[in-house]
Amino acid sequence: HVQLVESGGGSVQAGGSLTLSCAASGVTASTHYMGWFRQAPGKEREVLAAMHITSRSIHYASSVMGRFTISQDSAKNTVYLQMDSLKPEDTAIYYCAAAKAGSRWYDRFMYNWWGQGTQVTVS
């Protein structure tokens, strides 16, 4: 079965950086849309970035554009989210997701598989 495992979360001071990893199994990340989302308490799950190597697509939400970078190591079947210039409002649980098909990268309902999430706390 498909499994997505996030790692790299933790606590960081404002202005600092973290890099999250999403190790995928049961799905080839390069041939599917892979997305990063976050969810803070009391808020809806929010898309941050997505990419699909086969179609040479990469997208960012305006809230993180210029600060976050999505990338992928196809050989390791792993997706990354580099987060720079972190702010307290970035505090949330961060999730990795994969979609079977579709191109609506911004739509959380397109994604079929989700990781367990990793906590990021910025103070």
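For the structure itself, look to the data block above.
S.K.: So, the nonpolar core: which residues are in play, and what are the values?
M.R.: Among the nonpolar cores identified, the biggest contains 29 residues, and Leu 4, Trp 36, Phe 68, Leu 81, Met 83 and Tyr 94 are the most heavily contacted of them. Looking at this core, the elements that each hand over two or more residues are β3 (18–25), β4 (34–39), β5 (46–52), β7 (68–73), β8 (78–83), β9 (92–98) and β11 (118–122). Every residue in contact with Met 83, bar those within four places of it in the chain, is listed here: Gly 16, Ser 17, Leu 18, Leu 20, Arg 67, Phe 68, Tyr 94 and Val 120. By size, the runner-up hydrophobic cluster in this structure holds nine residues, among which are Tyr 33, Phe 37, Ala 99 and Trp 105.

S.K.: How would you summarise the side chain of Ser 21 if you had to cite specific residues and measurements?
M.R.: Position of Ser 21 relative to the elements: it lies in strand β3. Overall, the relative accessible area of 18% leaves Ser 21 in the buried class. Those residues in contact with Ser 21 that lie beyond four places of it in its chain are Val 5, Glu 6, Ser 7, Trp 36, Thr 78, Val 79 and Tyr 80.

S.K.: So what about the sheet that holds β3? Which residues, and what values?
M.R.: Pairing within the open sheet is antiparallel, and its four strands lie in the order β1-β3-β8-β7. The sheet terminates laterally at β1 (3–7) and β7, the two strands that pair on one side only. Neighbour-to-neighbour, the strand axes of the sheet open up by a mean angle of 15 degrees, direction not taken into account. In terms of strand pairing, β3 meets β8 through six bridges, oriented antiparallel. Across the sheet, residue Leu 18 finds its bridge partner in β8, namely Met 83.

S.K.: Quick one: what's the story with the side chain of Thr 78, residue by residue and with numbers?
M.R.: Examined against the element boundaries, Thr 78 turns out to sit in strand β8. In this structure, Thr 78 is in contact with Ser 21, Cys 22, Ala 23, Ser 71, Gln 72 and Asp 73, ignoring residues within four places of it in sequence.

S.K.: Talk me through the packing of aromatic side chains; I want residue IDs and the actual numbers.
M.R.: For the structure shown, the criterion picks out five aromatic pairs. Through successive ring pairs, a cluster of aromatic residues spans Phe 37, Tyr 95, Tyr 111 and Trp 114. Sitting above the plane of the Tyr 95 ring, Arg 45 keeps its charged end 3.8 Å from the centroid.

S.K.: Run through the pairing of β8, naming residues and quoting values.
M.R.: Successive residues of a regular strand alternate their side chains across the two faces of the sheet. Looking at chain direction, β7 and β8 are connected through six bridges and run antiparallel. Within β8, the position partnered with Asp 73 by the bridge is Thr 78.

S.K.: Explain the pattern of salt bridges to me, using residue names and the numbers behind them.
M.R.: Going through the model one piece at a time under the given rule, you end up with five salt bridges. Taking the shortest distance from any N to any O, the salt bridge between Glu 44 and Arg 108 comes out at 3.8 Å. Here Glu 44 is found in the loop between β4 and β5, whereas its partner Arg 108 is found in the loop between β9 and β10 (113–114), with 64 residues between them in sequence. Members of the salt-bridge network, linked through shared partners, are Arg 38, Glu 46, Arg 67 and Asp 90.

Scoring rules and cut-offs
- Residues numbered from 1 in each chain as written.
- Predicted model: local features only at pLDDT ≥ 70, side-chain atom pairs only at ≥ 80, totals over all residues.
- Heavy atoms only, no water.
- Core = buried A, V, L, I, M, F, W, Y, C linked by side-chain atoms within 4.5 Å.
- Buried < 20%, exposed > 50% of the residue type's maximum accessible area, 1.4 Å probe, protein only.
- Helix = DSSP H or I, 4+ residues; strand = E, 2+ residues; numbered from the N terminus.
- Contact = heavy atoms within 4.5 Å.
- Pairing = 2+ DSSP bridges.
- Axes fitted to C-alpha atoms, helices over the stretch in contact; angles between N-to-C directions.
- Phe/Tyr/Trp six-rings, centres within 6.5 Å; stacked < 30°, edge-to-face > 60°.
- Lys NZ or Arg CZ within 6 Å of the ring centre and 35° of its normal.
- Salt bridge = Lys/Arg side-chain N within 4 Å of Asp/Glu carboxyl O.

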